[in-house]
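Close look at the chain arrangement
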Amino acid sequence: MYSYQAYTTDGTNLLGSSAPTINDLRLRYFNQRKTFGDRNVSEIVVLKGRKIHAYYTSDFKLDKSKPAFIHNILYGR
């Protein structure tokens, strides 16, 4: 199962739902984005279980400049 955490520019952490695939997760993010109000999302962290799977931009596009495996190694996730 995949889940996400959206981080806003004002430092708020918005927890998202979980889904069996990343595409389903992406669709749920865009449906829930309406409830975020006027908060600007700066990045999205997609988790697979307890480990970080990947970092995404606010448009849910893969951010290749932030490799998730390094974070998982450093912080033991």
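So, here's what we can say about the structure. (Residues numbered from 1 in each chain as written. Predicted model: local features only at pLDDT ≥ 70, side-chain atom pairs only at ≥ 80, totals over all residues. Heavy atoms only, no water.)

Here five bridges tie strand S3 (residues 41–48) to strand S4 (residues 51–56), and the two strands are oriented antiparallel to one another. Its bridge partner being in S4, Ile44 is matched across the sheet by Tyr56. Here S3 folds back onto S4, and the loop between the two strands holds two residues, one of which, Gly49, carries a positive phi near 70 degrees. (Pairing = 2+ DSSP bridges. Helix = DSSP H or I, 4+ residues; strand = E, 2+ residues; numbered from the N terminus.)

Right, let's talk about the environment of Arg39 for a bit. Here Arg39 lies in the loop between helix H1 (22–32) and S3. Judged by its relative accessible area of 39%, Arg39 is partly exposed. Note: C-alpha distance between Arg39 and Thr8 (31 residues apart in sequence) is 6.4 Å. With residues near it in sequence (within four places) discarded, Arg39 still touches Thr8, Thr12 and Leu14. (Buried < 20%, exposed > 50% of the residue type's maximum accessible area, 1.4 Å probe, protein only. Contact = heavy atoms within 4.5 Å.)

What follows concerns the sheet that holds strand S2 (residues 13–19). Across the sheet, four strands lie side by side as S2-S1-S3-S4; this open sheet has antiparallel pairing. Bordering the open sheet on either side are S2 and S4, each of which pairs with just one other strand. Between one strand axis and the next, the sheet turns by 25 degrees as a mean value, whatever way the strands run. Pairing between strand S1 (residues 2–8) and S3: seven bridges, direction antiparallel. Residue pairing in the sheet places Thr8 in a bridge with Val41 of S3. Contacting S1, S2, S3 and S4, H1 crosses the sheet at an angle of about 135 degrees to S2. (Axes fitted to C-alpha atoms, helices over the stretch in contact; angles between N-to-C directions.)

With that settled, consider the packing of aromatic side chains. Enumeration over the complete set of coordinates arrives at four aromatic pairs. Judged by centre distance (5.1 Å) and plane angle (65 degrees), the rings of Tyr29 and Phe30 are edge-to-face. An angle of 25 degrees between the planes, with centres 4.8 Å apart, marks the rings of Tyr56 and Phe60 as stacked. Of the two residues, Tyr56 and Phe60, neither departs from the other in class, the shared state being buried. A network of ring pairs unites the aromatic residues Tyr4, Tyr29, Phe30, Tyr56 and Phe60 as a single cluster. (Phe/Tyr/Trp six-rings, centres within 6.5 Å; stacked < 30°, edge-to-face > 60°.)

Within the largest apolar cluster, 14 residues are counted, with the highest numbers of intra-cluster contacts made by Tyr4, Leu25, Tyr29, Ile44, Val46 and Phe60. Those elements that provide at least two residues to this core are S1, S2, H1, S3 and S4. If we ignore the near neighbours within four places in the chain, the residues touching Tyr29 are Tyr4, Phe36, Val41, Ile44, Ser58 and Phe60. One finds Val45, Leu47, Tyr55 and Ala68 within the second-largest nonpolar core, a separate group that totals five residues. (Core = buried A, V, L, I, M, F, W, Y, C linked by side-chain atoms within 4.5 Å.)

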